[in-house]
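Spelled out from the first residue to the last, the chains are:
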Amino acid sequence: MSERPVPDYARQVYAGVLGKIIGVYFGRPVEGWSYPAIRERFGELEYFACGELGVPLVVPDDDISGAFVFPRAILDNAGRGVTAADVGRTWLNYIVENRTVLWWGGLARSTEHTAFLRLKDGVDPPRSGSIALNGRSMAEGVGAQIFIDGWALACPGDPERAVALARAAASVSHDGFAVESAAFLAGMEAAAFGERDLAKLLELGLSSVTDDRVRALVTATVEQCEATGDWRRVRDWIEREHGYHRYPGNSPAATNLAAVLMALLMAGDDFQRSLTLVVSAGWDTDSNAGNVGCLNGIRLGLDGIEAGVDLRGPVADRMLVVSADGGECVTDAVRETRRLLASAAALRGEPAPRDLPRYAFELPGSTQGWLPHHDARHAQALTGLRNPGGGLRLEFARLARGARAAAAVEVFASPVPTGAAGTSLFEVVGSPALYPGQTVRAVVDVPAGPAPSLAFFVEHYGDDGVVHTLRGALRPLHAGENTLVWDVPATGGQAVYRFGVELTSARRLDGHVTVRSVDWRGAPKDFVLGRADELSPALTPWTTVTGWLKTFVSSAANLAPDYTTTFTVSHPEANGVVTTGTRDWTDYSVASTITFNMHDAAGLVARARGHRRYYAAVLRAGRAQLLRRVDGTEHIVADAPFAYEIDAVHALEFTVRGSALTLRIDGEAVATGTDDMLPSGGAGFLIDRGSVLAQGFHVRRA
């Protein structure tokens, strides 16, 4: 189709990402509700129901995490032709069993859980998702189509490639009708970058379908929609002819595909109306609204999303993408758009898009999760927070003594639990995006005339759940461009939760400043966690969870604070990995004093991107080794004899600088080697079949 270069698609990709997350947030509060219950409570649901129902708006959701985690296979495999096997390995790398991405409903109950267990047992795709192995009730569920949006967004204007990738990705967990319905929607979404007409998109989508049942369902649904202007009559037909009772399994793809088509066709070019219809119809409300929102976001663009009630403002680009790559959990629609554009460029063999600051606000109206920030001591002088182009504008009035104009962005999940028993609400699993010891750089533009002063601040939660604020020095701003640098102060080992800027003035000011960019990258200059009883004075031998411990993502079976040291980590199998940090940590050292209880191998991890792609410095069987593990394949970078006994205590320091890897034990360099495959990523611990105690955790920029 279109030969436009990848950057030209940025606004449409962004609109597709926004449409996806807005749709999921629209449908999530009533997921699991019956159609009569939705109709009785809301009639037609025309806005986010979270406020009325007392649930959060922005929550972790499998529809979002799967759609944006699994396409990382493109960049992880350097943009070469991505196969089903590649996607299967991506599942194993980024999914933390029983905790992230999927609905963990059990073997032969949850399609995706079943597929994960197949992959873990060494069953390769497409057999891992096949009807022959798992049965039709598992293989033809809705899950394949709810995860395809990211693949289509990485193929703007290229439906043929989108269909091929969607088929490969879907076959990891699904088969038959489900794979073809996913391919059908992916083709439509990719084609929508150059085609707005729904009839033409449906025709194009059907041209790639190989399953006559999908073709028949699409054709029949179109006929029903053309025969009436009453969406409820079409909904009744779907229930009668294609309701859940007509298919095996608990959430069949066919029913939900029909609901998606009904909403698209009956709402026409009305973005808000399409979400109203697909959510008010029931069934898998968040999944279906995510598909509808993504397709219509691409097709109708930002103007379409903004044509009705304000759906962008409450969302503010915010996303939670849970995976084993914990530092990428708290993200936003702009950052995910950049990743998809980089993926599209890699698939096309084009140069990667230019690198941008973390918050550059480059897309129209984007705020990247920044919101007004209030405190009890000051009047809020902030009157507007918007992006008219060129940055985030903080507008203020009556800024004077006793008032502040402040805005902030979350860089870690709130410690308030989001999971709830008996609901589909998941807990957030992730690591902070910002750490004490990192350097923040910001560019702020000020118009001519009197200017306010600016201070950076961070908030962190104490282990008692109380919010503490640490402010930097006030800096007088001047007209024009101001470049500001700040080192995030120590927090006593507690996680930074929010980063912000506040404006103050001794004399009344009315006006605005524009934040052009905010950025940080690289490992902290010095980040230290001490003993557990120092971090949590109320710690007991029975304490299993603390605030600081939640900053680590663990695929080890057991991670807990230890009242005699800092951590206890144990795992009954190979590859028990525990990590914190972000994927832009490049050159650094990670250190801890480790008690080597029974184990096959144990030590430190560096440059982890997920839990099957990392470097490790370990002790095992009388050897000190430097390892590279990638997707189940281990390469020994360096090996040296090191005699030690079980329960011995040694201070390990693992340094990665460029391609050089060094392990120091008790201050002495024991193993050195070179390897350049893994350029950056988080740090932590590794335990293969055993247990360790670890006292302290120290990351230092190298």
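The structure displayed is predicted, hence computed values, not measured ones.

S.K.: Please provide a residue-by-residue account of the overall build of the protein, values included.
M.R.: Each helix and strand in the protein was counted, giving 22 helices and 29 strands. In terms of overall size, the protein behaves like a compact globule, its C-alpha atoms giving a radius of gyration of 26 Å where 702 residues would be expected to give roughly 27 Å. Principal-axis analysis of the C-alpha atoms places the extent of the protein at approximately 80 × 70 × 50 Å. The burial tally for the protein puts 62% of its 702 residues in the buried class. Nonlocal contacts in the protein, meaning residues at least 24 apart in sequence, comprise 71% of its contacts between residues at least 6 apart. In the protein, 67 positive and 81 negative side-chain charges are present, and the distance between their average locations comes to 4 Å.

S.K.: Summarise the nonpolar core; cite the residues concerned and give the values.
M.R.: Grouped together as the largest cluster of nonpolar side chains are 126 residues, with contacts concentrated most on Tyr25, Trp91 and Phe184. Each residue touching Phe184, except ones within four places of it in the same chain, is listed here: Leu202, Gly205, Leu206, Val209, Val218, Leu257 and Leu261. If you look at the next biggest cluster of nonpolar residues, it comprises 48 residues, including Trp585, Val590, Ile687 and Val699.

S.K.: Residue-level account of the packing of aromatic side chains, with values.
M.R.: Tallied over the entire structure, the rule returns 27 aromatic pairs. On the basis of an interplanar angle of 65° and a centroid distance of 5.8 Å, the ring pair of Tyr359 and Trp520 is categorised as edge-to-face. Taken together, the positions of Tyr359 in the loop between helix H21 (333-348) and strand S3 (371-372) and Trp520 in the loop between strand S14 (509-519) and strand S15 (527-529) put the pair 161 residues apart, joining distant regions of the chain. Residue Tyr359 shares its accessibility class with Trp520, and that shared class is buried. An aromatic cluster is present here, built from Tyr359, Phe361, Trp370, Phe456, Trp486, Phe499 and Trp520 joined pairwise through their rings. Sitting above the plane of the Tyr94 ring, Arg72 keeps its charged end 5.3 Å from the centroid. Residue placement shows Arg404 over the ring face of Phe457; its charged tip is 5.5 Å from the ring centre.

S.K.: Describe in detail the UniProt feature "binding site: Mg(2+)" (unreviewed entry) in the protein, supporting the description with residues and values.
M.R.: The feature "binding site: Mg(2+)" (unreviewed entry), as given by UniProt, occupies Asp284, Asp286 and Ser287 in the numbering adopted here. Mapped onto the fold, Asp286 is located in helix H19 (residues 285-305). With a relative accessible area of 0%, Asp286 lands in the buried category. Discounting chain neighbours no more than four positions away, the residues touching Asp286 are Gly23, Val24, Gly27, Arg28, Glu31, Asp61, Asp62 and Asp63. Looking at where Ser287 falls in the secondary structure, it is placed in helix H19. Setting aside anything within four residues of it in sequence, one finds Ser287 in contact with Asp63 and Ile146. Within the structure, the side chain of Ser287 is placed 2.4 Å from the side chain of Asp63, a separation counted as a polar contact.

S.K.: Residues and numbers for the sheet that holds strand S23 (residues 623-630), please.
M.R.: Spatial strand order, S16-S19-S28-S21-S22-S23-S24: seven strands in an open sheet with antiparallel pairing. On the outer flanks of this sheet lie strand S16 (553-554) and strand S24 (633-641), each paired with one strand and no other.

S.K.: Now, about unusual backbone geometry: what can you tell me, with residues and values included?
M.R.: With an omega dihedral of 5°, the bond running from Pro125 to Pro126 counts as a cis peptide bond. Turning to its location among the elements, Pro126 is positioned in the loop between helix H7 (111-120) and helix H8 (131-134). Positive phi values are uncommon outside glycine, yet Asp631 reaches one of about 50°. Mapping Asp631 onto the fold places it in the loop between S23 and S24.

Calculation notes
- Residues numbered from 1 in each chain as written.
- Predicted model: local features only at pLDDT ≥ 70, side-chain atom pairs only at ≥ 80, totals over all residues.
- Heavy atoms only, no water.
- Helix = DSSP H or I, 4+ residues; strand = E, 2+ residues; numbered from the N terminus.
- Rg over C-alpha atoms; globule rule 2.2 N^0.38 Å.
- Buried < 20%, exposed > 50% of the residue type's maximum accessible area, 1.4 Å probe, protein only.
- Contact = heavy atoms within 4.5 Å.
- Lys, Arg positive; Asp, Glu negative; His and termini not counted.
- Charge placed at Lys NZ, Arg CZ, Asp CG, Glu CD.
- Core = buried A, V, L, I, M, F, W, Y, C linked by side-chain atoms within 4.5 Å.
- Phe/Tyr/Trp six-rings, centres within 6.5 Å; stacked < 30°, edge-to-face > 60°.
- Lys NZ or Arg CZ within 6 Å of the ring centre and 35° of its normal.
- UniProt positions renumbered as here; feature names shortened; annotations may be inferred.
- Polar contact = N/O pair within 3.5 Å; in protein donor to acceptor, adjacent residues only side chain to side chain.
- Pairing = 2+ DSSP bridges.

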